[in-house]
Amino acid sequence: MGDNEIGDEEDLSRVKSDVGRWPVFYYGVGHMLNDITSSCWFTYLLLFLADIGLSPRDAAIVMLSGQIADGFATVFTGELIDRFGHFKVWHGAGSVLVAVSFSSVFGGCLPCRIFSTSSVVETTSYSVAAAIFNMGWAAAQVSHILYAIALVVFSVITGKSHADIQNQYRWIAYSSIFIGCCFVGIFHFGTKEPRLKMSIHGNDHMRISWAYWFKKALYYQVGIVYVLTRLVQNVSQAYLAFYVIQDLHMAQSAKALVPAIIYISSFVVSIMMQEVSWTGQRLKAYFSIGGILWVFCGASIILLPSNMKVYMYVISAFIGVANALMMVTAVSMQSVLVGLDLNGCAFVYGSLSFLDKISCGIALYVLQSFQSGASPVAPAADGGLSSSGYVSVTRYGLGLVPAVSSLVGVGVTLTMKLHTHSGSLTKPLLE
């Protein structure tokens, strides 16, 4: 028996045995850089670009370029990793791209300093950096740490001028990259490169044709639900900082505190959900509860006047609960769809992720286009909505779009026929 075969058998036995605590820890920290930078990306990118003078349409182009690059990179990177392996090499290369490009976005426009400060150069520079960042993110694939950093920065550094604003985000970016890269180092130090060449049943890999999934109605149902769930989270996250500052006129620290409350409540609910023994009916029920909860949160956001802004902290806690209920169950539905067809899971996850990235990018671009043509109306004297009945694009982006998406998602979920297979989904994760 050759060395490779011995290594394969060792890896196979390791897969079948329980995973120790240290490997779980090392794997857990491997995504820290991605999560920190991703949270900053969706929460603060549009606000940062608007604060430094980019038009809403140009800011949307930057975001869209990143989403498109992410969508294609996710599919192609997954295919290349499946073919050639070397997972840690891909992870390390992706982490380098994330660190360099992320600092290029929030650290300032370098080409603008070299060539000119025209809007075309700025938009192109940030768009290229956004594309590189998302490609790196796809290759590499705890968020509350980011908001702790942001809370300190926004409280300590005042943002009265463009230079001050750039300094704020520069500190957030560099601190996030430093912390994230430390965890990337821990991951690579403690994680061994997988060498498994065969499936856990000992059979050679036989890839399932894409046509197999296109013939399944559940593929389209799960795809719609997952894409809508991601749309709810990403679009609402992108407009959250705009809303608390421009619509509710809250303190600058609220840009970090409100998202932190959302993530903390999501984290708590996610931990509690690990104790649930999942069945198809329970997945549908929990998702529906989260979707309906988001509908009420969306209505509250649209109608909330600025003189009642303190209630945004309460709403944010419910948003976090709704996000956790929807995301955990939507991802679990993907697992139910794949079932025992593990050789086709790469296409399922890759294709749905692609649709998620593109749809979010297009949605944000459309909303920002309306933002460009909107004529802001001053809030009413009593702190409510303006007397003309004007509702900002920000309120629609944070309230209406997620609420409608959640409602449609609930409707699609109720039509599903989910049959869970024996395995991890039907047992509590913390047994």
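Residues numbered from 1 in each chain as written. Predicted model: local features only at pLDDT ≥ 70, side-chain atom pairs only at ≥ 80, totals over all residues. Heavy atoms only, no water.

Named according to an unreviewed UniProt entry, the protein is Major facilitator superfamily domain-containing protein 12-like originating from Linum tenue. A UniProt comment under Sequence similarities (unreviewed entry) is attached to the protein, and it reads "Belongs to the major facilitator superfamily." (UniProt positions renumbered as here; feature names shortened; annotations may be inferred.)

Now for the overall build of the protein. A tally of regular secondary structure across the protein gives 16 helices and zero strands. Across the 431 residues in the protein, those meeting the buried criterion constitute 50%. (Helix = DSSP H or I, 4+ residues; strand = E, 2+ residues; numbered from the N terminus. Buried < 20%, exposed > 50% of the residue type's maximum accessible area, 1.4 Å probe, protein only.)

One can find Gln368 in helix H15 (residues 345-373). Here Gln368 is in contact with Leu46, Pro56, Arg57, Ala59, Ala60 and Tyr239, once residues within four sequence places are set aside. (Contact = heavy atoms within 4.5 Å.)

A word on the packing of aromatic side chains. Note on aromatic pairs: each is described by the distance of the centres and the angle between the planes. Evaluation of the coordinates by the stated rule reveals 14 aromatic pairs. Seen from their ring centres, Tyr44 and Phe154 are 5.6 Å apart, and the 75° between their planes marks the pair as edge-to-face. With a relative accessible area of 0%, Tyr44 lands in the buried category. Using a relative accessible area of 5% as the deciding quantity, one classes Phe154 as buried. A cation over a ring is seen here: Lys255 above Phe154, with NZ or CZ 4.0 Å from the ring centre. (Phe/Tyr/Trp six-rings, centres within 6.5 Å; stacked < 30°, edge-to-face > 60°. Lys NZ or Arg CZ within 6 Å of the ring centre and 35° of its normal.)

So, on to the UniProt feature "transmembrane region" (unreviewed entry) in the protein. Sequence positions flagged by UniProt for "transmembrane region" (unreviewed entry) are, in local numbering, residues 93-116, 136-159, 171-189, 218-244, 256-273, 285-304 and 311-334. Its end C-alpha atoms 28 Å apart, residues 285-304 is made of 95% helix and 0% strand.

It is at 9 Å that the axes of helix H5 (residues 87-106) and helix H9 (residues 162-190) come closest, and there the two elements cross at 170°. Judged on the interaxial angle alone, H9 and H5 are roughly antiparallel. Residues Lys88, His91, Gly92, Ser95, Ala99, Phe102, Ser103 and Phe106 of H5 pack against Gln166, Tyr169, Arg170, Ala173, Tyr174, Ile177, Cys181, Val184, Phe187 and His188 of H9. Among the residues making up the contact of H5 with H9, the classes are represented as ten nonpolar, six polar and two charged. (Axes fitted to C-alpha atoms, helices over the stretch in contact; angles between N-to-C directions. Parallel < 35°, antiparallel > 145°, perpendicular 65-115°, else oblique. Nonpolar A, V, L, I, M, F, W, Y, C, P; charged D, E, K, R; others polar.)

A few words now on the nonpolar core. One finds Trp41, Tyr44, Leu49, Phe106, Tyr169 and Met312 to be the most contacted residues of the largest nonpolar core, which totals 99 residues. Among the elements that take part in this core, helix H11 (residues 217-247) stands out by supplying 17 residues, more than any other. Sequence-distant contacts of Trp41, that is, excluding residues within four places in its chain, are made with Met63, Phe102, Val105, Phe106, Ala130, Phe133 and Asn134. (Core = buried A, V, L, I, M, F, W, Y, C linked by side-chain atoms within 4.5 Å.)

Within the secondary structure, Val269 sits in helix H12 (residues 254-273). Residue Val269 is classed as buried on the basis of its relative accessible area of 12%. Separated by 51 residues in the primary sequence, Val269 and Gly320 have C-alpha atoms spaced 8.3 Å apart. Among residues more than four places away in sequence, those in contact with Val269 are Val321, Ala324 and Leu325.

On to the packing of helix H3 (residues 32-51) against H11. Direction vectors running N to C along H3 and H11 enclose 45°, while the axes themselves pass 8 Å from each other. Accordingly, the angle class assigned to the pair H3 and H11 is oblique. For the pair H3 and H11, the crossing hand works out as right-handed. Here Ser39, Phe42, Thr43, Tyr44, Leu46, Leu47 and Ala50 of H3 come into contact with H11, specifically with Asn234, Gln237, Ala238, Ala241, Phe242 and Gln246. (Left-handed = near helix turned anticlockwise from the far one by under 90°.)

Looking now at the confidence of the model for the protein. Overall, the prediction assigns the protein a mean pLDDT of 78, with 76% of residues at 70 or greater. Here helix H1 (residues 3-16) stands out as the least confident element of the protein, with mean pLDDT 46; helix H13 (residues 280-303) is the most confident, with 94. For the stretch residues 1-17, pLDDT sits under 50, and the model shows 16 contacts to residues farther than four places along the chain or on other chains. (pLDDT = per-residue confidence, 0-100.)

This next bit is on unusual backbone geometry. Positive phi values are uncommon outside glycine, yet His249 reaches one of about 55°. Along the chain, the position of His249 falls in the loop between H11 and H12. Take His249: its relative accessible area is 40%, and that puts it in the partly exposed class.

Evaluation of the coordinates by the stated rule reveals three salt bridges. Here Arg230 makes a salt bridge to Asp356, at a shortest N to O gap of 3.6 Å. In this pair, Arg230 sits in helix H11 while Asp356 sits in helix H15, placing the two residues 126 residues apart along the sequence. The exposure class assigned to Arg230 is buried, which follows from its relative accessible area of 19%. Given a relative accessible area of 1%, Asp356 falls into the buried group. One salt bridge in this structure joins Arg395 and Asp247, with 3.3 Å as the shortest N-O distance. Highlighted residues: Arg395 in helix H16 (residues 393-413) and Asp247 in helix H11, separated in sequence by 148 residues. (Salt bridge = Lys/Arg side-chain N within 4 Å of Asp/Glu carboxyl O.)

Taking 1.5 Å of rise per residue, the 27 residues of helix H14 (residues 312-338) would be expected to cover 39 Å, and the 39 Å separating its terminal C-alpha atoms lies within 8% of that figure. For H14, a buried count of 19 out of 27 residues is recorded, marking the element as mostly surrounded by other parts of the structure. Directly after H14, the chain includes Gly339, whose backbone phi takes a positive value near 60°. (Expected span 1.5 Å × (residues − 1).)

The next thing to look at is H9. Over its 29 residues, H9 extends 42 Å from the first C-alpha to the last, a length consistent with the 42 Å expected when each residue adds 1.5 Å. Turning to H9, its buried residues number three or more, namely Ile165, Gln168, Tyr169, Ile172, Ala173, Ser176, Ile177, Gly180, Val184 and Phe187.

Residues Ile264, Phe267, Val268, Ile271 and Met272 make up a contiguous nonpolar surface patch of roughly 490 Å² in combined accessible area. As for its position among the elements, Met272 is in helix H12. (Patch = residues over 30% accessible without salt bridge, like charges linked within 9 Å, V, L, I, M, F, W, Y side chains within 5 Å. Areas by Shrake-Rupley, 256 points an atom, 1.4 Å probe, with all protein chains shown as cover.)

Before going further, it helps to examine the environment of Phe354. Turning to its location among the elements, Phe354 is positioned in helix H15. A sequence separation of 127 residues divides Phe354 from Val227, and the C-alpha atoms of the two residues are 9.3 Å apart. Contact partners of Phe354, with chain neighbours within four places excluded, come to Gly71, Phe72 and Val75.

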